Amino acid sequence: MSEQSTDLRETVRQRYAAAALKVTATGNATEGGIGCCGPQPVEIDDNFGSTLYGADERDTLPAEAVAASLGCGNPTAVAALREGERVLDLGSGGGIDVLLSARRVGPTGKAYGLDMTEEMLALALANAEKAGATNVEFLKGAIEAIPLPADTVDVVISNCVINLSTDKSAVFAETFRVLRPGGRMGISDVVADDTLTPGQRAERGDYVGCIAGALSFAEYRQGLEAAGFADIEITPTHSVADGMHSAVVHATKPTGPGARDTVVTSSSTAPAAETGESCCGGSRPSNR
């Protein structure tokens, strides 16, 4: 890993460690200037973080898990989890998506959370204990080197985290490795229009703020294809900056010999809907 990549990863780690400590101390991740998609102060409203989840979901969880929700989507809804499945959340933070996943997959399923930040892992473990969740497991590690065996999980979810990685090809390859044949990924992430250069993306926001490190639509598809994924769909949902979109990404790990080369792609660079404010400063669909 280059020195620049190491520095960026440490910056990301420090930002989320600070958010976890804010929740532990105050019960509010946004208090004191820690926002959902960047370090800048943001006003608390109903357009980011935990408010992207239904009240019925939030009410079943410890307050600290809800307060630590810093993402721009609801990946447990995106992935359409089913009873008995094994699910892995990349960049699980305070554990909101792991705990919701655990409820959806039921006692015969299991939900893993992976995070590199000690403070977030400690918060997630405390939240799991408060929730009485027995079918969850939190792992320390990087999403570029997932500490699970191959063919371990049915579904991989993530909420606006992959854009923060400095080695996205490794994330895609590791996600493919740990999924069982026929398994799927259902994530939320920030994606850039194909016309924007990396320099232009950086002009629209910083790396930790989920903007500068985002891939373009074409780059995202190419990265998933190179890892072996099929049935790739990248669907923009709302604008987060000029030419930058929050998007839902679906893909599957093929089954059978030779299936790795069978890839179907589908995406559009036009936002599907743009009403309401998003967590990163843009808009989000009113039905989210």
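Look a little higher up for the structure.
None of the values given here were measured: they were computed from a predicted structure.

Caption draft 1: Representation of the overall build of the protein. Counting its regular elements, the protein contains nine helices and eleven strands. Of all 288 residues assigned to the protein, the portion counted as buried reaches 56%. Put simply, the protein shows about 11500 Å² of open surface, and 51% of that area lies on carbon and sulfur atoms.

Caption draft 2: Spatial organisation of helix 5 (residues 96-105). Of all ten residues in helix 5, eight are buried; the element is thus mostly enclosed. What helix 5 keeps buried is the set I96, D97, V98, L99, L100, S101, A102 and V105. Two residues or fewer past helix 5, G106 is found with a positive phi of approximately 75 degrees.

Caption draft 3: Region of interest: the packing of helix 7 (residues 168-178) against helix 9 (residues 217-227). The N-to-C vectors of helix 7 and helix 9 enclose an angle of 45 degrees; their axes lie 9 Å apart at closest approach. The angle between helix 7 and helix 9 places the two elements in the oblique class. Crossing of helix 7 against helix 9: the hand is right-handed. Along the contact surface, helix 7 presents F172, A173 and F176, while helix 9 presents Y220, G223, L224 and A227.

Caption draft 4: Region of the structure containing the pattern of salt bridges. Tallying each qualifying case throughout the model produces nine salt bridges. Residue R82 is joined to E85 by a salt bridge in which the shortest nitrogen-to-oxygen separation is 3.3 Å. The exposure class assigned to R82 is partly exposed, which follows from its relative accessible area of 46%. Exposure remark for E85: the relative accessible area of 7% places this residue in the buried category. The residue E118 makes a salt bridge to K140 at a minimum N-O spacing of 2.6 Å. Residue E118 is found in helix 6 (residues 118-131), and its partner K140 is found in strand 3 (residues 136-140); the two are separated by 22 residues along the sequence. Through salt bridges with shared partners, a single ionic network connects R82, E85 and R184.

Rules and cut-offs
- Throughout this document, residue positions are counted from 1 along each chain, in the order its sequence is written.
- Local features are withheld for residues below a pLDDT of 70 in this predicted model, meaning they are given only at 70 or higher, and side-chain atom pairs are given and counted only at 80 or more; totals for whole chains, interfaces and linings count all residues.
- Working from all heavy atoms in the structure, the side-chain values ignore hydrogens and water.
- Under the scheme used here, helices are H or I runs from DSSP no shorter than 4 residues and strands are E runs no shorter than 2 residues, and both carry numbers assigned from the N terminus.
- Only protein chains enter the accessibility calculation, which uses a 1.4 Å probe; a residue is then buried when its area is under 20% of its type maximum, exposed when over 50%, and partly exposed in between.
- Using a 1.4 Å probe, the Shrake-Rupley method yields the accessible areas, and only the shown protein chains count as cover for residues.
- Every axis corresponds to a line fitted to the C-alpha atoms, with the helix fit spanning only the stretch in contact, and the corresponding angles, defined between N-to-C directions, vary from 0 to 180 degrees.
- The labels follow the angle: roughly parallel below 35 degrees, roughly antiparallel above 145, roughly perpendicular from 65 to 115, and oblique for the rest.
- The sense of a crossing depends on the near helix, which, turned anticlockwise from the far helix by less than a right angle, makes the crossing left-handed and, turned clockwise, makes it right-handed.
- Any two residues whose heavy atoms approach within 4.5 Å at even a single point are treated as in contact.
- Here, a salt bridge means any side-chain nitrogen of Lys or Arg that lies within 4 Å of a carboxyl oxygen of Asp or Glu.

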